[in-house]
Every structure is written in structure tokens, then in C-alpha cells.
Amino acid sequence: MNFKSDNVHGCNPEILAGLAEAAKGTVDSYGDDPVTQRVEARLAEVFEHEVTVFPMTTGSSVNALILASMVDPWGAVLAHPESHINVDECGAPEMFTGGAKIIPIEGENAIMDSGTLKTTLDGYSFGFVHAVQPQAISMTQATEAGAVMSLDEIATLAGIAKDKGLKVHMDGARFANALVALDCSPAEMTWKQGVDVLSFGATKNGCMAAEAAVFFNKDLAATTHYRRKRAGHLVSKMRFVSAQLDAYLADDLWLGNARHANAMADRLTEGLKQLPGVDFMSPTMANEIFPILPRAVTAKLREAGFDFYDWGTPGAGGIRLVTAYATDPADVEAFIEKARGLLMEDAAD
């Protein structure tokens, strides 16, 4: 009964079948295969836009190499302090950009505040040789706090960036979860709002190890072929990465997976809301839940076989629960019922 992350789950049978099919015969290597070409064509259809696509195996490599295509070594990327590129990638963006700086912009629910972003950019001396030069912003959809940015919020941040000549990156590690939450098209959530490049996540939503850099601004993709090779992320048997994405996109498997994950999060949230003494650090909008429970209760939940991470201020009782494409509804109900019993015991004490 593991709610630590959507990374703890395995792989869709359909995706495994796609890998088995891709293992047959011989094809050209390094992406010159029909499966990789089919994935790029399919993503162009999905996004209603001509795209350049770079399949890779990790989200960190996709994020870092995208930012390297957008920012000079003396440049800067503006992002929320809680963003994955700022706190969870061990300096990979800084390394692959050659030293570009990440400038944190605060905001609720891990969304950059538009006023703070504008004020920060307005206060910069562009062309001043002694300061890094802002060249891009990076936003996350859904965010590290589980929030889903509205189309207006995306457009507003992108507009502020574009007014200053900056490029726009979207980290979509949980892109599908955000998409089904908004019930909009992939185009509406990306390039139509000003996004230049997307980190298209799939591993958290049913793939084994597959992500993709999706460039809507194809000019930015010109050097990424070389950057990916130099960084060691050009897979020789690319068909096995692409086969995952191919099966993931087929018959809208990716959207069905995300809908299930979000539905499980909604059920878990609604169940916990009915219990006395339960509060939440942030609203549930996709597939991450951030409840606050008495520490004695969380300890006993772990003893009962539930896995999850502590979250937020140490000792405050905040935890993170993440649901996924393969989350068993029975596990959700079991968590709610066990929490109910433990909270009643805690109140009686």
C-alpha cells in the first residue's frame, strides 16, 4: 500500500507488449527507426503543431538539456523555489547550461507569483555585464505542491516572460494529470499559451523509463542533437524508449492512466476531509495529496503497512500521498478507514 510516489508503480502491460514488439528484427539505431519517427508524428498530432522530439530516459536529463538549449552560461532561469530543477536535480541544469543561474520566484502552491516575476524582471539591468542575464522561465504543470495551473496563469507568466524576450519552458513530469484535470487540449495547455518547449513526462504515468523533450520552437532544438549525445543521453537502441511512448499514446492510454490516478486522489481527499482533525497543506488538483495528521497517527499508519513521505515543516504532521495509474481503490479505502480508526483513538486519548 505504497503512496510514496507515482514512481513506485510498475509499467502498463500495453507498454511492455510494445517493448516486446519492438524487440523483433533489426532497425537503424540512434533514433533512425520507424517507432521513433512515429512517436514524433503522433506528438505533432496530439499537440496540433509541428514539433521536434527527443526521447530520453529521465526527466532530469530532459529538463537540463532543454534549459541548455534556451540559456547561455551567463544566463538565468526564473523558477519557483520548490521547482524540481531548483531542488531535485543535483545541479544538472547548472551543469548542462555551463553555469546558468536559477533565480527563485516565490508564489503559492509552487506557482510563481506573476507580480513578483514582473517586478523582478523590471528591476533587472539587461545588458549589464556584471549580472547574469534572465533568458528563460520554467514553470511546472502540475506543480510540486500538487496544484494545476490554469490556462490564464500559464498565459500570464508566459506573457511576462515574452515581453522581456525570455523563452518559456514547462516541466510536465505530471503533464497528463494536469491535462485531464483542466479538461483541455494539449495545445491549449502549451504553445497556445506561449510555451516554447515542454518536458513531456511519461514514467510517472505508466511507462518504464521514457520522457521526451518536445520543442514547439524548433529553432531552439538546433543544438539539442549534439547536447543529448555529449551528455550521454542518446540511446543507441532508441526504439525501446520510443516504443514506450508509442504504446503510451496509443488509444489514449496516457489519458486513461491519468484519469484513474486523479480519481484515486479525489477519493482519498474526500475521504480524509470527512475525518475530524485533518487539514491540508494545499488543495488536491491532480494526483498528489498533502494532508496534515497527528504524528502518532502517521506512525501507526506506517506500522499498518502504508508507505508515504513526511512533507513540509519537520514535525508539523504534514505528509504527501501520491496516487497513480495502478493505485488499487481498495488501498485508498483501507487508508481512509485506518486513518478514521486511528483518529478516533487519538481523540479518545
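As shown above, the structure is provided for reference.
Here's a quick rundown of the structure. Note that the structure is predicted; figures quoted are calculated from it, not measured.

Scoring rules and cut-offs
- Residues numbered from 1 in each chain as written.
- Predicted model: local features only at pLDDT ≥ 70, side-chain atom pairs only at ≥ 80, totals over all residues.
- Heavy atoms only, no water.
- Buried < 20%, exposed > 50% of the residue type's maximum accessible area, 1.4 Å probe, protein only.
- Helix = DSSP H or I, 4+ residues; strand = E, 2+ residues; numbered from the N terminus.
- Arc of directions from axis to C-beta.
- Core = buried A, V, L, I, M, F, W, Y, C linked by side-chain atoms within 4.5 Å.
- Contact = heavy atoms within 4.5 Å.
- Disulfide = S-S within 2.5 Å.
- Axes fitted to C-alpha atoms, helices over the stretch in contact; angles between N-to-C directions.
- Parallel < 35°, antiparallel > 145°, perpendicular 65-115°, else oblique.
- Left-handed = near helix turned anticlockwise from the far one by under 90°.
- Pairing = 2+ DSSP bridges.
- Phe/Tyr/Trp six-rings, centres within 6.5 Å; stacked < 30°, edge-to-face > 60°.
- Salt bridge = Lys/Arg side-chain N within 4 Å of Asp/Glu carboxyl O.

Brief notes about helix 12 (residues 295-303)
Note on helix geometry: an α-helix contains 3.6 residues per turn, so any two residues three or four positions apart are oriented the same way.
Next, step 1: Those residues of helix 12 lying buried are Val297, Thr298 and Leu301. Down the axis of helix 12, the buried set is contained in an arc of 95 degrees. They therefore lie on one face. The outward face of helix 12, more than 90 degrees from its buried face, is lined by the exposed residues Arg295 and Glu303.
Next, step 2: Following helix 12 by one or two positions, Gly305 adopts a phi angle in the positive range, close to 105 degrees.

Brief notes about the nonpolar core
Next, step 1: Residues Leu43, Ile137, Phe175, Phe200, Tyr248 and Trp254 are the most contacted members of the largest nonpolar core, which totals 58 residues.
Next, step 2: When near neighbours in sequence (up to four residues on either side) are disregarded, Phe200 contacts Leu43, Phe47, Gly172, Phe175, Glu211, Ala212, Val214, Tyr248, Leu249 and Trp254.

Some points on the environment of Thr120
Next, step 1: Inspection of the secondary structure puts Thr120 in helix 6 (residues 114-122).
Next, step 2: Note on Thr120: relative accessible area 23%, which makes it partly exposed.
Next, step 3: Residues Thr120 and Val235, spaced 115 residues apart in sequence, show a C-alpha to C-alpha distance of 39 Å.
Next, step 4: The contacts of Thr120, once residues within four sequence positions are left out, are Leu78 and Ile105.

Quick look at the state of the cysteines
Next, step 1: Under the defined criterion, the tally for this structure stands at zero disulfides.
Next, step 2: The thiol of Cys11 is not disulfide-bonded; the next cysteine sulfur, from Cys207, is found 6.4 Å away.

Here we look at the packing of helix 1 (residues 13-22) against helix 10 (residues 239-249)
When two helices pack together, their arrangement is given by the angle between their axes and by how far apart the axes lie.
Next, step 1: In contact at an axis separation of 8 Å, helix 1 and helix 10 are set at 140 degrees when each is read in the N-to-C sense. When the interaxial angle is binned, helix 1 and helix 10 end up oblique. Remark: the crossing between helix 1 and helix 10 carries right-handed chirality. For the pair helix 1 and helix 10, contact is made by Glu14, Ile15, Gly18, Leu19 and Ala22 and by Arg239, Phe240, Ala243, Gln244, Ala247 and Tyr248, respectively.

Brief notes about the sheet that holds strand 7 (residues 211-215)
Next, step 1: Ordered by their spatial adjacency, seven strands build an open sheet running 1-7-6-5-4-2-3, and the pairing between neighbours is mixed. The open sheet has two edge strands with one neighbour each: strand 1 (52-56) and strand 3 (101-104). Strand-to-strand, the axes of this sheet are offset by a mean angle of 20 degrees, without reference to chain direction.

Some remarks on the packing of aromatic side chains
Next, step 1: Considering all chains together, one arrives at 13 aromatic pairs under this definition.
Next, step 2: Each ring, one from Phe47 and one from Phe175, has its centre 5.9 Å from the other, and the planes form 50 degrees; the classification is tilted. With Phe47 in helix 2 (residues 34-47) and Phe175 in helix 8 (residues 175-182), the pair connects residues that are 128 residues apart, well separated along the chain.
Next, step 3: Taking relative accessible area as the criterion, Phe47 reaches 0% and is therefore assigned buried.
Next, step 4: The exposure class assigned to Phe175 is buried, which follows from its relative accessible area of 0%.
Next, step 5: Grouped by ring-pair contacts, the aromatic residues Phe47, Phe175, Phe200, Phe216, Tyr248 and Trp254 constitute a single cluster.

Quick word on the pairing of strand 2 (residues 75-79)
Next, step 1: In terms of burial, strand 2 is a largely internal element, five of the five residues being buried.
Next, step 2: The two faces of strand 2 match: Gly75, Val77 and Ala79 on one face and Ala76 and Leu78 on the other face are all buried.
Next, step 3: When strand 2 meets strand 3, the two strands line up parallel, connected through four bridges. Its bridge partner lying in strand 3, Val77 is registered against Ile102.

Examining the side chain of Thr190
Next, step 1: With respect to the helices and strands, Thr190 occurs in the loop between helix 8 and strand 6 (197-201).
Next, step 2: Judged by relative accessible area, Thr190 falls into the buried class, the value being 0%.
Next, step 3: Contacts of Thr190, omitting those with residues within four sequence positions, involve Phe47, Met170, Phe175, Val195, Leu198 and Phe216.

A word on the sheet that holds strand 11 (residues 309-310)
Across a sheet, paired strands are connected by hydrogen bonds in the backbone, their directions being either parallel or antiparallel.
Next, step 1: The strand order across the open sheet built from three strands is 9-12-11, with neighbouring strands paired in antiparallel fashion. Only two strands of the sheet have a single partner each, and these edge strands are strand 9 (288-289) and strand 11.
Next, step 2: As paired elements, strand 11 and strand 12 (residues 319-322) share two bridges and run antiparallel to each other. Of the residues in strand 12, the one forming a bridge with Asp310 is Ile319.

Examining the pattern of salt bridges
Pairing between side chains becomes possible if they bear opposite charge and their charged atoms approach one another.
Next, step 1: One pass over the structure, following the stated rule, counts 15 salt bridges.
Next, step 2: One salt bridge connects Arg302 with Asp310, and the closest N-O pair in it is separated by 3.1 Å.
Next, step 3: For Arg302, a relative accessible area of 32% puts it in the partly exposed group.
Next, step 4: By relative accessible area, which is 52% here, Asp310 ends up exposed.
Next, step 5: Bridged by salt links that share partners, the residues Asp6, Arg174, Glu288 and Arg320 form one connected network.

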